[in-house]
Amino acid sequence: MKLYAVSDGPPSLAVRMALEALNIPYEHVSVDYGKAEHLTEEYEKMNPQKEIPVLDDDAFFLSESNAILQYLCEKYAPTSDLYPKDPKERALVNHRLCFNLAFLYPQISAYVMAPIFFDYERTEMGLKKLNLALAAFESYLERTGTKYAAGSGLTIADFPLVTSVMCLEAIGFGLGERYPKVQAWYAGFKQAHPTLWAITAKGMEEIAEFEKNPPDLTGMVHPIHPIRKPAAK
């Protein structure tokens with residue numbers, strides 16, 4: 001099994017945490033984002049979306065990190081509590097996965113990641129959207145009253161949510177005052193699962209460094225995002 005992934009991308013880190021939690025051996029094939037290896041014709045054969053990560057399970061190629069998380073559990077750990085069988089419990093896990101994919105991470109990505117890697121600015125509107133998403137997450141945690149995002153135990157829903165929120169920590173965005181439930185959940189994950197957190201912590205360190213010194217992507221021709229022009233000397 002191979003995982004084509006970057007070292008700091010939240011979706012990649014979420015899958016790597018799942019592989020570690022499930023004790024599944026794999027080869028981490030590093031994708032060089034700065035060299036646009038994900039935009040090559042060779043990569044497109046694995047993933048026409050040209051996004052990261054991609055799982056190669058004996059020539060079965062699967063993209064979309066949520067689908068990868070679900071696949072790993074269903075094939076390699078069908079009885080694992082990380083992806084519970086009970087319909088309501090699984091529905092909550094699936095909801096949190098969808099919530100992160102469609103509602104939380106897009107706002108975090110737009111506010112945190114896009115201005116680091118591409119020619120975007122952090123705006124008041126972007127901050128407003130981010131706070132709306134975090135407020136919803138706070139409400140979900142308050143409703144369940146549980147230690148984890150989808151119930152009383154760790155599930156695959158926690159992995160992408162943790163890797164999303166770590167982007168905020170990387171730029172020094174505080175959660176505690178406005179979102180105490182989110183902060184408690186996030187801190188609790190770190191404390192309870194240090195081995196898993198260590199995977200994400202390394203990615204966070206990279207993002208924090210890029211926040212101070214944005215990477216030079218002037219050699220990339222991206223189909224969507226505007227490339228930041230080099231600083232005048």
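Residues numbered from 1 in each chain as written. Predicted model: local features only at pLDDT ≥ 70, side-chain atom pairs only at ≥ 80, totals over all residues. Heavy atoms only, no water.

Caption draft 1: How the structure looks around the domain arrangement of the protein. Segmenting the protein into domains produces domain 1 (2–77) and domain 2 (87–212). Between domain 1 and domain 2, the C-alpha centre-to-centre distance is 20 Å. If you look at the interface, domain 1 gives 18 residues, while domain 2 gives 26 residues. Between domain 1 and domain 2, the buried area comes to about 1700 Å², and carbon and sulfur atoms account for 71% of it. Its largest share of buried area at the contact with domain 2, domain 1 owes to Asp 8, Pro 10 and Met 17, together 35% of the area lost on that side. Our count for the contact surface shared by domain 1 and domain 2 stands at 1 salt bridge. In this structure, Arg 90 and Glu 74 form a salt bridge, with 3.3 Å as the shortest nitrogen-oxygen distance. Counting across the interface, domain 1 meets domain 2 through 5 residue pairs in polar contact (both at pLDDT 80 or more). Counting only elements with at least two residues in the side of domain 1 that touches domain 2, the list comes to helix 1 (10–21) and helix 3 (65–76). (Domains from an automatic or database assignment. Contact = heavy atoms within 4.5 Å. Buried area = accessible area lost by both parts, 1.4 Å probe. Salt bridge = Lys/Arg side-chain N within 4 Å of Asp/Glu carboxyl O. Polar contact = N/O pair within 3.5 Å; in protein donor to acceptor, adjacent residues only side chain to side chain. Helix = DSSP H or I, 4+ residues; strand = E, 2+ residues; numbered from the N terminus.)

Caption draft 2: Spotlight on helix 5 (residues 124–144). With 21 residues, helix 5 extends 31 Å from end C-alpha to end C-alpha; this agrees with the ideal 30 Å at 1.5 Å per step. Within the span of helix 5, buried status applies to Gly 126, Leu 130, Asn 131, Ala 133, Leu 134, Ala 136, Phe 137, Glu 138 and Leu 141. In this structure, the buried side of helix 5 is in contact with helix 4 (87–117), helix 6 (158–170) and helix 7 (180–192). Of the residues flanking the end of helix 5, it is Gly 145, one or two places downstream, whose phi is positive at about 60 degrees. (Expected span 1.5 Å × (residues − 1). Buried < 20%, exposed > 50% of the residue type's maximum accessible area, 1.4 Å probe, protein only.)

Caption draft 3: Spotlight on the packing of aromatic side chains. Applying the stated criterion across every chain, the model contains 11 aromatic pairs. A ring pair is formed by Phe 137 and Trp 185, whose centres lie 5.0 Å apart and whose planes are at 75 degrees; its orientation type is edge-to-face. Within this pair, whereas Phe 137 is found in helix 5, its partner Trp 185 is found in helix 7, the two being separated by 48 residues in sequence. Both residues of the pair, Phe 137 and Trp 185, belong to the buried class. An aromatic cluster is defined as three or more aromatic residues linked by ring pairs; in this entry it consists of Phe 99, Phe 103, Phe 137, Tyr 140, Trp 185, Tyr 186 and Trp 197. A cation over a ring is seen here: Arg 90 above Tyr 83, with NZ or CZ 3.6 Å from the ring centre. Positioned above the aromatic ring of Tyr 111 is the side chain of Arg 122, whose terminal nitrogen or guanidinium carbon lies 5.7 Å from the ring centre. (Phe/Tyr/Trp six-rings, centres within 6.5 Å; stacked < 30°, edge-to-face > 60°. Lys NZ or Arg CZ within 6 Å of the ring centre and 35° of its normal.)

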